[in-house]
Structure formats: C-alpha cells, structure tokens
Amino acid sequence: MKSTSKTKYDENVLNWEELRNIGITRQFLEKDGNLKLLLNGEETKPIKVNVTIMAKPQEVEATLRLVEEEKTIFLEVNGSSGNFA
C-alpha cells in the first residue's frame, strides 16, 4: 500500500489497537522520529515493548520494521534485550 505522503507506507497499514496492546502509540513513535522510519520501511531505533513470555508479562527492547512479502505487509518485531527473570 503506497502512501500519498513522502513515505513508502501509509500509516493506515499499522494496526494501532494491536500496537497499543504492546505499549506503543502513534505519539510515542512520532516523538523520536520512529514513525517516519517505520513508514519508510526502515528499522526503528530500539524501543520498549510489552510482551508476554512464558505466561509472564515482560518489558523488552525491540526494533520494529514494516516488511512486505507477496503483497502482504506485516510488522516485524526484533527483540534486542530483556530481563526474563
């Protein structure tokens, strides 16, 4: 999906409800320039995300990137660190 702005993707490809579930809002991404990186198909800077690992809520650092495969766009989350105690 192409954007009419100067980014590779339109922000409507993002599922904002799902992103809120892991602690990410549009304003949060915009604040550090990560939204523009993401919408250009680039990897974001490391950010804190909330995930559940082994039935235990965790906060981990991860980078995000939009990836397109066979005309389907999905959000790739790459974890970089975390305390899994």
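Look above for the structure.
Residues numbered from 1 in each chain as written. Predicted model: local features only at pLDDT ≥ 70, side-chain atom pairs only at ≥ 80, totals over all residues. Heavy atoms only, no water.

## Points about the pattern of salt bridges
Phase 1: Scanning the entire structure with this criterion turns up four salt bridges.
Phase 2: One salt bridge connects Glu30 with Arg26, and the closest N-O pair in it is separated by 2.6 Å. Residue Glu30 and its partner Arg26 are both found in helix α2 (residues 26-31); the two are separated by four residues, about one turn of the helix.
Phase 3: Here Arg26 falls in the partly exposed class, since its relative accessible area comes to 27%.
Phase 4: Put simply, Arg65 and Glu76 hold a salt bridge, and the shortest N to O gap is 3.0 Å. A residue pair is termed long-range when its members are at least 10 positions apart, and Arg65 in strand β2 (residues 56-69) and Glu76 in strand β3 (residues 72-82) qualify at eleven residues. (Salt bridge = Lys/Arg side-chain N within 4 Å of Asp/Glu carboxyl O. Helix = DSSP H or I, 4+ residues; strand = E, 2+ residues; numbered from the N terminus. Buried < 20%, exposed > 50% of the residue type's maximum accessible area, 1.4 Å probe, protein only.)

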